[in-house]
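The chain contents come next:
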Protein chains: 2
Amino acid sequence: MSNTSIPKGTRDFSPLETARRNYIFDSIREVYKLFGFVQIETPAMEQLDTLTGKYGDEGDKLLFRILNSGNFLRDVPKDLLNDDAAAALSSRICEKGLRYDLTVPFARYVVQHRNEITFPFKRFQIQPVWRADRPQKGRYREFYQCDADVIGSSSLLNETELLQIIEKVFSKLNIDVTVKINNRKILAGIAEIMNMSEHLTELTVAIDKTEKIGLNSVKDELKSRGFTENQWQILEPILILNGSSNEKLTKLDLILHNSKIAAEGLNETRKLFSYVASAGIKVKIELDLALARGLNYYTGAIIEVKANGVEIGSICGGGRYDNLTGIFGLKNISGVGISFGADRIYDVLTALELFPKSADAGTQIMFANMGEEEEIHCLNIANALRMDGVAVELYPENAKLKKQLEYADKKGIPFVAIIGGDEIKSRSAMIRNMRNREQTPIELTAEARNQLISIISTV
Amino acid sequence: MSNTSIPKGTRDFSPLETARRNYIFDSIREVYKLFGFVQIETPAMEQLDTLTGKYGDEGDKLLFRILNSGNFLRDVPKDLLNDDAAAALSSRICEKGLRYDLTVPFARYVVQHRNEITFPFKRFQIQPVWRADRPQKGRYREFYQCDADVIGSSSLLNETELLQIIEKVFSKLNIDVTVKINNRKILAGIAEIMNMSEHLTELTVAIDKTEKIGLNSVKDELKSRGFTENQWQILEPILILNGSSNEKLTKLDLILHNSKIAAEGLNETRKLFSYVASAGIKVKIELDLALARGLNYYTGAIIEVKANGVEIGSICGGGRYDNLTGIFGLKNISGVGISFGADRIYDVLTALELFPKSADAGTQIMFANMGEEEEIHCLNIANALRMDGVAVELYPENAKLKKQLEYADKKGIPFVAIIGGDEIKSRSAMIRNMRNREQTPIELTAEARNQLISIISTV
């Protein structure tokens, strides 16, 4: 007898969970399509050398590697066969790995298929990714990403469109959100006027934590990394800037006027806000100078979305990157993308009780099985209803009615039709409403069927 | 610069391919739901001991194993570190494997979650599986399965329902099919009257090839496996039985009257045909005594579907199994299931040119980008159309119109709206039909928008 556990950090999804997850995926997919994004899929496995070196040393350790088939030890030098050499050995005995995100496979896809692709290429992709991370609450070893990217156009209309998509997805899901934006070039400008351009990464890693740990701790962290009090005196006023996003931009024009790169970032951000206004985007969008998202590959806009009223971190994020396909030899293609975090969105919808009943809808009506003659009779009625798009079950066995009703109840089926010998004779059915247990006889004429369908469909 | 190939036997799916595959998956999913099946998902990775020993020795070799993270060689005995011991070593350094089918993970799921499940449990599952098979035409290392099973009911109404589902799916996909059915108990009865009950597997493996290699070769194969001429004299008349399925059943009653198990199988099959008639199933279903599907775990009905007019093997198959969850310690639960082969269905739809245009539908109209003022104007019109559910793109850059039209053309966008300064003034748009290159000016009144939507939507 085999055991029945699953690998830690992975999950089974029950019918209810799967239906609710599909509600999220379908909502996102529908909006992506409204904006002309097309879906692609890539294999779960990539060549290991497509993946390694793309996520830093830590990321390399989190890749799931797939053991070569057959005699995987053939031709492996003996000196690799000891536990000091595990890393080197693993690349000899594993050629493939599971994808770690959708971004690198997308970059690989673009380069591999560049002659078939029409640029600007607006693609979306909704697939699972795998990371050998330490499992903890809300962090899994297998989870879905829902990415959209536009590659091959540097127009800020693309950022605008992604913001429109964010607005539409969360309005569809009924989640109240705040969108934060920033621009990597503004951050670079800040580092420049602090004379710390070479320490941009440390700077952004530290200020990215402002909301979490507070200004004082950010200051401590920066000092421990060699930033001086004078430099902090330049940075602090920027981090505590108040006013509307446009007011902040105006103040930053003055503060950062010596930095050419900052001016570029400020102009881009101003133009983006102007597009946002023109496009009639109503979702709350604010400039957040502490937003960096840790990802070093962003080169322009940085975007992050938080759900208002729930403590859960960001539920969507993205930005512009200029060199994504460079690692695969295709230079100078600018892209911008976002990714929705389906697991966190699931948690938000659960916490705020926002899953609509329709997301859970399964069988709309069950026909009880009252015996051999009756089941044949019901087969036909069930068929006719299915032709009208109604989800119908006929209980497969002539079990006790109580057991059949319990089945319907547990499965959340709202109506049960009971047709015994009397009902066959009178061409009728007893319809039991499972919520209030009321039973109503109906005739099985064509009009009554339409009436039945309309009753069923309102639930 | 990394290379950009993908592992052999795996595939990227382009936007067109993904849309067409989704058309297949959505059609299947929709029908499953109409019959009250609920969807679950299980992790890509299972514990290796959940998978091993379930698919025979050959199957074990085809499992993709995932290398343990970190120092995977720690505590591995030195004598395993040589290439003779690859198999033993692999189970020490790999705890997890990729799922090989959806059936074993489903059995594991049922046992693990048996206290949450309402039986009979009607579940469907559409997910990829992985096999380290030698890649060849039509055989991939990553492919999707689309399974539905009813577990916890031995009623033949379940088989009937699966046949209804098969009819509905292929009628939806417009594929003309023939369904072949058989019953393992009839096969067991045939072996019994041949006095070869203990060689049932060899018998079924051989006769399963009848269509492919012909009766004479089947005879040769059986003789080489120790079957006598006398036994062949019993078998041959059965394999060449003609007439309708009901006529065959009547003849088999006589031929197999000494076998109790055959009588059971014949009665089940007769009852199934009677349900098929009652349910008004019109798809061609025939009793095929040579149908065995090689899978030893079937214990009752066996089902296989072929597309008429295409040489491609079976595109759907399944059957009843009585002991699926037994391997995980839950005995005496009978189940019956089917699986649609999405890749072969894709090939059939391609060969017969049956993909509907709607399956490929992407962006319905693109707004050309004629400059800064114009793009702002178009942003709003595009928005309004999206509110009406129209998939719209606004070209992100003010490129040459020729380039923009080429983009629309390559992407298969049927209409382009061109709005320049004159059109803004006259509150109109020039609508270019990309098929015939005709341009029609329309006013942008509310009525005209509705008219525009109806034009777009007919394509």
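Being a predicted model, the structure only gives us computed values, none of them experimental. Numbers given for residues are sequential positions, taken from 1 along each chain in its written order. Just so you know, chain letters begin at A and ligand numbers begin at 1, following the order they were written in. Reporting of local features is limited, given that this is a predicted model, to residues whose pLDDT is at least 70; pairs of side-chain atoms are given and counted only at 80 or more, and all residues count toward the totals for whole chains, interfaces and linings. To get the side-chain values, take all heavy atoms of the structure and skip hydrogens and water.

K.L.:
Give a description of the overall build of chain A that names residues and reports values.
P.N.:
Labels follow the DSSP assignment, with helices taken as runs of H or I lasting at least four residues and strands as runs of E lasting at least two, numbered in each case from the N terminus. From N to C terminus, chain A includes 19 helices and 16 strands. A globule of 459 residues ought to have a C-alpha radius of gyration of about 23 Å, yet chain A, at 29 Å, is considerably larger. Dimensions along the principal axes, computed over C-alpha positions, put chain A at roughly 90 × 65 × 45 Å. Think of it in three bands: residues with accessible area under 20% of the maximum for their type are buried, residues over 50% are exposed, and the middle band is partly exposed, with areas taken using a 1.4 Å probe on protein chains only. Looking at chain A as a whole, 58% of its 459 residues are labelled buried. Between two residues, a contact is recorded if the distance between any of their heavy atoms is within 4.5 Å. Contacts in chain A between residues at least 24 apart in sequence constitute 68% of all its contacts with a sequence separation of at least 6. For every accessible area listed, the method is Shrake-Rupley and the probe measures 1.4 Å; residues are considered covered only by the protein chains on display. Accessible surface, chain A as shown: approximately 19,800 Å² in total, 47% of it carbon and sulfur. Computed over 58 positive and 61 negative side-chain charges, the separation of the two mean positions in chain A equals 1 Å. Radius of gyration here uses only the C-alpha atoms, and the compact-globule reference equals 2.2 Å multiplied by the residue count raised to the power 0.38. Think of it this way: Lys and Arg go in the positive column, Asp and Glu in the negative one, and His and the chain ends go nowhere. Every charge is mapped to an atom, namely NZ of Lys, CZ of Arg, CG of Asp or CD of Glu.

K.L.:
Any chance you could break down the relation of the copies chain A and chain B for me, citing the residues and the numbers?
P.N.:
We place the copies in one frame by least squares, fitting the C-alpha atoms of every residue whose pLDDT is at least 70 in both. With an axial shift of 0.0 Å and an RMSD of 0.0 Å, the rotation relating chain A to chain B amounts to 180°. Expressed as a symmetry operation, the mapping of one chain copy onto the other fits a two-fold axis. Identified as the residue of chain A closest to the rotation axis by C-alpha distance is A:Ile66, at 2.3 Å. In this assembly the copies share their binding face: 100% of the residues contributing to the interface of chain A also contribute to that of chain B.

K.L.:
Residue-level account of the side chain of A:Thr204, with values.
P.N.:
Residue and element names in this part refer to chain A. Mapping threonine 204 onto the fold places it in helix α8 (residues 200–207). On the basis of relative accessibility, which here comes to 5%, the residue threonine 204 falls in the buried class. If we skip the residues at most four places from it in the chain, threonine 204 touches Leu187 and Ala292.

K.L.:
Let's hear about the packing of helix α7 (residues 184–193) of chain B against helix α13 (residues 260–278) of chain B: which residues, and what values?
P.N.:
Residues and elements named next belong to chain B. Lines are fitted to the C-alpha atoms to define the axes, a helix being fitted only along its stretch in contact, and any angle between axes, read from their N-to-C directions, falls within 0 to 180 degrees. At a minimum axis distance of 7 Å, the contact between α7 and α13 shows a crossing angle of 150°. With respect to each other, α7 and α13 are oriented roughly antiparallel. When you trace α7 past α13, the crossing you get is left-handed. Contacts from Lys185, Ile186, Ala188, Gly189 and Glu192 of α7 reach α13 at Ile261, Ala262, Glu264, Gly265, Leu266, Glu268 and Thr269. In terms of residue class, the contact of α7 with α13 is made up of five nonpolar, three polar and four charged. An angle counts as roughly parallel when it lies under 35 degrees, as roughly antiparallel when it exceeds 145, as roughly perpendicular when it falls between 65 and 115, and as oblique in every other case. Should the near helix be turned counterclockwise from the far one by less than a right angle, the crossing is left-handed, whereas a clockwise turn marks it as right-handed. Under the scheme applied here, ten amino acids are nonpolar (Ala, Val, Leu, Ile, Met, Phe, Trp, Tyr, Cys and Pro), four are charged (Asp, Glu, Lys and Arg), and all others, including Gly, are polar.

K.L.:
Go over the confidence of the model for chain A, please, and point to the residues and values.
P.N.:
In the predicted model, chain A carries a mean pLDDT of 92, and the fraction of residues at 70 or more is 98%. The complex prediction reports pTM at 0.94, with the ipTM value standing at 0.93. The pLDDT value expresses, per residue, how confident the predictor is, ranging between 0 and 100.

K.L.:
Could you give me a rundown of helix α1 (residues 15–34) of chain B, with the residues and numbers involved?
P.N.:
What sets the pattern is the α-helix's 3.6 residues per turn: residues three or four places apart point alike. Given the number of residues in a helix, its expected span is that number minus one, multiplied by 1.5 Å. End to end, α1(B) covers 28 Å across 20 residues, agreeing with the expected 28 Å (1.5 Å per residue, within 8%). Those residues of α1(B) lying buried are B:Thr18, B:Arg20, B:Arg21, B:Asn22, B:Tyr23, B:Ile24, B:Phe25, B:Ser27, B:Ile28, B:Val31, B:Tyr32 and B:Leu34.

K.L.:
Tell me about helix α6 (residues 156–172) of chain B, and please be specific about residues and values.
P.N.:
Residues and elements named next belong to chain B. Between its first and last C-alpha, α6 extends 24 Å over 17 residues, near the 24 Å set by a 1.5 Å rise per residue. Counting buried residues in α6 gives 13 out of 17 residues, a clear majority hidden from the surface. Polar contact criterion, stated in full: a pair of N or O atoms within 3.5 Å, where within protein one must be able to donate a hydrogen and the other to accept it, and residues adjacent in sequence count only if both atoms are side-chain atoms. At the N-terminal boundary of α6, the capping side chain belongs to serine 155, with an oxygen 3.0 Å from the backbone nitrogen of leucine 157. Trailing α6 by a residue or two, asparagine 174 shows a phi angle of about 70°, which is positive.

K.L.:
Go over the domain arrangement of chain A, please, and point to the residues and values.
P.N.:
Where each domain begins and ends is defined by an automated method or by a domain database. Parsing chain A into structural domains produces domain 1 (15–41 + 103–351) and domain 2 (362–457). On a C-alpha basis, the centres of domain 1 of chain A and domain 2 of chain A stand 51 Å from each other.

K.L.:
Quick rundown of the pattern of salt bridges? Include the residues and the values.
P.N.:
All names here are of chain B. In what follows, salt bridge is the name for a side-chain nitrogen of Lys or Arg lying within 4 Å of a carboxyl oxygen of Asp or Glu. Applying the stated criterion to the full structure yields 53 salt bridges over all chains. Of the charged contacts, one joins glutamate 268 and lysine 185 as a salt bridge, the two residues approaching to 2.5 Å between their closest N and O atoms. Of the two residues, glutamate 268 sits in helix α13 while lysine 185 sits in helix α7, which places them 83 residues apart along the sequence. Between glutamate 211 and lysine 306 there is a salt bridge whose closest N-O contact spans 3.5 Å.

K.L.:
Can you tell me about the sheet that holds strand β15 (residues 428–433) of chain B, naming the residues and giving the values?
P.N.:
Residues and elements named next belong to chain B. An order of β13-β12-β14-β15-β16 is seen for the five strands of this open sheet, with the pairing classed as mixed. If you trace the sheet from one side to the other, it starts and ends with β13 (392–394) and β16 (439–443), each paired once. Strand-to-strand twist across the sheet, computed as the mean angle between neighbouring axes with direction ignored, equals 25°. Pairing of strand β14 (residues 415–418) with β15, which is carried by four bridges, proceeds in the antiparallel orientation. If you follow valine 416 over to β15, its bridge partner there is arginine 432. Along the sheet, helix α16 (residues 372–387) contacts β12 (365–367) and β13; its crossing angle with β13, the most-contacted strand, is approximately 170°. Note: two strands are recorded as paired if DSSP finds a minimum of 2 bridges between them.

K.L.:
Describe the side chain of A:Glu46, listing the residues and the values that go with them.
P.N.:
Here A:Glu46 is to be found in strand β2 (residues 45–47). Residues contacting A:Glu46, with those up to four places away along its chain left out, are A:Leu51, A:Glu95, A:Lys96, A:Gly97, A:Pro105, A:Arg108, B:Ile6 and B:Pro7.

K.L.:
Summarise the sheet that holds strand β5 (residues 121–130) of chain B; cite the residues concerned and give the values.
P.N.:
Residues and elements named next belong to chain B. Within the open sheet, the eight strands sit side by side as β1-β5-β6-β11-β10-β9-β7-β8. Their pairing is mixed. The outermost strands of the open sheet, each flanked by one partner alone, are β1 (38–39) and β8 (284–287). In this sheet, strand β6 (residues 142–151) lies alongside β5 in antiparallel orientation, the contact comprising ten bridges. Note that in β6 the partner of lysine 122 across the bridge is valine 150. Helix-sheet contacts for α1 involve β1, β5, β6 and β11 (335–340), and the interaxial angle to β6 is about 5°. Across the face of the sheet, helix α5 (residues 103–112) comes into contact with β5, β6 and β10 (314–321) while running at roughly 135° to β5.

K.L.:
Give me the packing of α6(B) against α13(B): which residues, what numbers.
P.N.:
All names here are of chain B. Two elements in contact, α6 and α13, have axes separated by 9 Å at closest approach and are oriented at 50°. In terms of orientation, α6 lies oblique with respect to α13. Taken as a pair, α6 and α13 cross one another with a handedness that is right-handed. Between α6 and α13, the residues in contact are Leu156, Leu157, Glu159, Thr160 and Leu163 and Glu268, Lys271, Leu272, Tyr275 and Val276, respectively. Class assignment of the residues belonging to the contact of α6 with α13 gives a composition of six nonpolar, one polar and three charged.

K.L.:
Which residues make up the interface of chain A and chain B, and what values go with them?
P.N.:
Chain A puts 105 residues into the contact, and the matching count from chain B is 105 residues. Note on chain A versus chain B: buried area summed over both sides is about 8,700 Å², and carbon and sulfur give 57% of it. For the pair chain A and chain B, the number of links is six salt bridges. The residue B:Arg386 makes a salt bridge to A:Glu161 at a minimum N-O spacing of 3.8 Å. There are 36 residue pairs in polar contact (both at pLDDT 80 or more) connecting chain A and chain B. Top contributing element to the side of chain A that touches chain B by residue count: helix α16 (residues 372–387) of chain A, with eight residues. Across the side of chain A that touches chain B, the residue classes break down as 47 nonpolar, 33 polar and 25 charged. Buried area, as used here, totals the accessible surface that two parts lose on assembly, with accessibility defined by a 1.4 Å probe and the loss added over both.

K.L.:
Give me the lowdown on the packing of aromatic side chains, citing residues and values where you can.
P.N.:
When two rings of Phe, Tyr or Trp (its six-membered ring) have centres within 6.5 Å they constitute a pair, described as stacked for plane angles under 30 degrees, edge-to-face for angles over 60, and tilted for the intermediate range. Enumeration according to the criterion identifies 22 aromatic pairs over all chains in this entry. We count a charge as sitting over a ring when the NZ of a lysine or the CZ of an arginine lies within 6 Å of the ring centre and within 35 degrees of the ring normal. Positioned above the aromatic ring of A:Tyr140 is the side chain of A:Arg11, whose terminal nitrogen or guanidinium carbon lies 3.3 Å from the ring centre. It is B:Arg21 that lies over the ring of B:Phe13; its NZ or CZ is 3.7 Å from the centre.

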